[in-house]
Amino acid sequence: MKISPQTYARRRRRLLQALPPGSVALVAGATLATRNRDAEYPFRQHSDFYYLTGFNEPDALLLLKPGRSEGEVVMFCPPRDPALEIWTGYRAGPEGCVERFGADQAFTLDEIDEQVPLLLDGARSIYYPLGCDEQLDARVRGWLNAVRDRARQGAEAPEELVLLDNLLHEMRLFKDDEELAVMRRAAEISAQAHCEAMRLARPGIHEYELEGRIISHCTAAGARFQAYSPIVGGGANACILHYIDNDAPIADGDLVLIDAGCELDCYASDITRTFPVNGRFSAEQRALYELVLKTNEACIELIRPGLPWNAVHDLSVKMLTQGLVELGLLEGEVEALIESGAYREFYMHRIGHWLGMDVHDVGNYKLNGEWRPLEPGMVMTIEPGLYISPHNDRVEPRWRGIGIRIEDDVLVTRDGAEVLTAGVPKSVDAIEALMAGN
Ligand code: GLY
Ligand code: MN
Ligand code: MN
């Protein structure tokens, strides 16, 4: 499942229309990163660049220049080189960029330092994400200086640098039908993968065995990459928020927290489920789990257009704090415990984040100093959690070392919300039934 060339073209047109006359936008692709010696990390295109091109080769650059008569969309790409392509695989080359990726004009990378200064000559402003990539910053400086150096020959250097981030990231924040189809599929594959891990779980299993099952399911379904490193934490490891060692055996009676989601055509899914490795919740696990679940469901229920982003977080804080007081884990007045931040000992992260091409996707959370209202087409996670440190001697020993998070991916619709990750159960009964093979 892939985004169509027409959609990439539409996005470029929208950005070109939003750019003022006399401007040039620069959007750089990603570079291959070395893992060790001759081995490289799998290539992942930069999301901004991929959003506008669908082009998946390293080191490329997209230049947009509204109103340019020779073409508004210019691409720079690796050259075609049959000898090199024996090693690296097929390259589109400039011709491919024009024919298949919608460029009006394309050059090879070795022409970049000559061509970009010519394209900047006479432009009033450069739109680009200053400060995100030192190498790119240095190159832009070099291109600017190349224009300045030719001032006596009549070259005119731009006078303004504008950060491209807001313009582009507002576009990325709102997902269209095609993007939603890809995101629904990514979420569905990940949901099935979580079900598979629940089915495989048994006391003594290693965290990496569950990780392996998740990854193999996604890969076999066509999603070769995870959107982030899977977190598989058994017992107290679930209390380490970004635990990725995933190398411990999981003891009978422990919960396991799995936070994993695949990526499909550069769109992320992000799911967390927590379940008992032996298939049955203990009383303490169940009590905390029901509280997190109730919070997850109430937050999803609240979502609708017009609701300020922070209202969802505030509800989660209120419900979890209230529940912790009822269970005796916190003492005092709920309002005071919220005011003082006492709940943060157990709930130290926020309710969620935007989701899209990046797992923590782009887009502002505030506009003009106010939490922004939710709007149809936004996708966000809802992921309340409670983590009782194994070292917390202020609570009864029976609670210690329990970590629970329940995370869903949610689309804001015209009249509410659509849960993209409904394919993996989250109620106690449904999890126990699935794990019992019913
Ligand atoms: N997996 C990272 C997160 O849930 O935000
Ligand atoms: Mn997650
Ligand atoms: Mn998340």
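What you see is a predicted model, and the numbers here were worked out from it, not measured in a lab. (Residues numbered from 1 in each chain as written. Chains lettered and ligands numbered in written order. Predicted model: local features only at pLDDT ≥ 70, side-chain atom pairs only at ≥ 80, totals over all residues. Heavy atoms only, no water.)

Chemist: How should I be thinking about the overall build of the protein chain in this particular structure?
Modeler: If you tally the helices and strands in the protein chain, you get 13 helices and 21 strands. Since a compact globule built from 438 residues should have a radius of gyration of about 22 Å, the 25 Å found for the protein chain is in line with a globular shape. Expressed as lengths along the three principal axes of its C-alpha atoms, the size of the protein chain is roughly 80 × 50 × 40 Å. Here the protein chain holds 438 residues, and 53% of them are scored as buried. Taking contacts inside the protein chain between residues at least 6 apart in sequence as the whole, the part at least 24 apart equals 71%. Looking at the protein chain as shown, the accessible area adds up to about 19900 Å², and 49% of this sits on carbon and sulfur atoms. (Helix = DSSP H or I, 4+ residues; strand = E, 2+ residues; numbered from the N terminus. Rg over C-alpha atoms; globule rule 2.2 N^0.38 Å. Buried < 20%, exposed > 50% of the residue type's maximum accessible area, 1.4 Å probe, protein only. Contact = heavy atoms within 4.5 Å. Areas by Shrake-Rupley, 256 points an atom, 1.4 Å probe, with all protein chains shown as cover.)

Chemist: It is not clear to me how the site of ligand 1 should be interpreted in this structure. Could you clarify?
Modeler: Taken together, Tyr228, Asp259, Asp270, His353, His360, Glu383 and Glu407 make up the full set of residues near ligand 1. Histidine 353 places a polar side-chain atom, nitrogen or oxygen, 3.0 Å from an oxygen atom of ligand 1. Contact between ligand 1 and glutamate 407: an oxygen atom at 3.2 Å from a side-chain N or O atom of the residue. When grouped by side-chain class, the residues that make up the shell around ligand 1 number 1 nonpolar, 2 polar and 4 charged. (Near = heavy atom within 4 Å. Polar contact = N/O pair within 3.5 Å; in protein donor to acceptor, adjacent residues only side chain to side chain. Nonpolar A, V, L, I, M, F, W, Y, C, P; charged D, E, K, R; others polar.)

Chemist: In this structure, what is going on with the coordination of the manganese ion (ligand 3)? I would like to understand it.
Modeler: The expected angle between donors at a tetrahedral four-coordinate metal is 109.5 degrees. At an octahedral six-coordinate metal it is 90 or 180 degrees. Here the manganese ion (ligand 3) is held by the protein donor atoms Asp270 (OD), His353 (NE2), Glu383 (OE) and Glu407 (OE), which lie 2.0 to 2.2 Å from it. Its 6 donor atoms give the manganese ion (ligand 3) angles of 52 to 152° at the centre, a pattern that matches the irregular case. Read N to C, the donor residues that coordinate the manganese ion (ligand 3) are spaced as D-x82-H-x29-E-x23-E. Separating the manganese ion (ligand 3) from the manganese ion (ligand 2) is a gap of 3.3 Å, which aspartate 270 spans by donating to each of them. (Donors = N, O, S within 2.8 Å, 3.2 Å for Na, K, Ca; no water. Tetrahedral: all angles 85-135°; square planar, octahedral: opposite > 155°, others 65-115°.)

Chemist: Looking at this model, I keep getting lost on the sheet that holds strand E11 (residues 255-260). Mind explaining?
Modeler: The strands that make up a sheet pair up through hydrogen bonds in the backbone, lying either parallel or antiparallel. Read from one edge of the open sheet, 3 strands run E10-E11-E14, paired in antiparallel fashion. Two strands bound the open sheet, and with one partner strand each, they are strand E10 (231-234) and strand E14 (271-276). The mean inter-strand angle of the sheet, taken between neighbouring strand axes irrespective of direction, is 10°. Pairing geometry for E11 and E14, over 6 bridges, is antiparallel. Its bridge partner being in E14, leucine 257 is matched across the sheet by threonine 274. Packed onto the sheet, helix H9 (residues 207-220) meets E10 and E11 and runs at close to 145° relative to E10. (Pairing = 2+ DSSP bridges. Axes fitted to C-alpha atoms, helices over the stretch in contact; angles between N-to-C directions.)

Chemist: How should I be thinking about the sheet that holds strand E9 (residues 225-226) in this particular structure?
Modeler: Within the open sheet, the 3 strands sit side by side as E9-E12-E13. Their pairing is antiparallel. Across the chains shown, the open sheet's two edge strands, defined by having one partner strand only, are E9 and strand E13 (267-268). Sheet analysis places E9 next to strand E12 (residues 262-264), joined by 2 bridges and oriented antiparallel. Its bridge partner being in E12, phenylalanine 225 is matched across the sheet by glutamate 263. Helix H8 (residues 177-200) contacts E12 and E13 of the sheet and is inclined by roughly 150° relative to E12.

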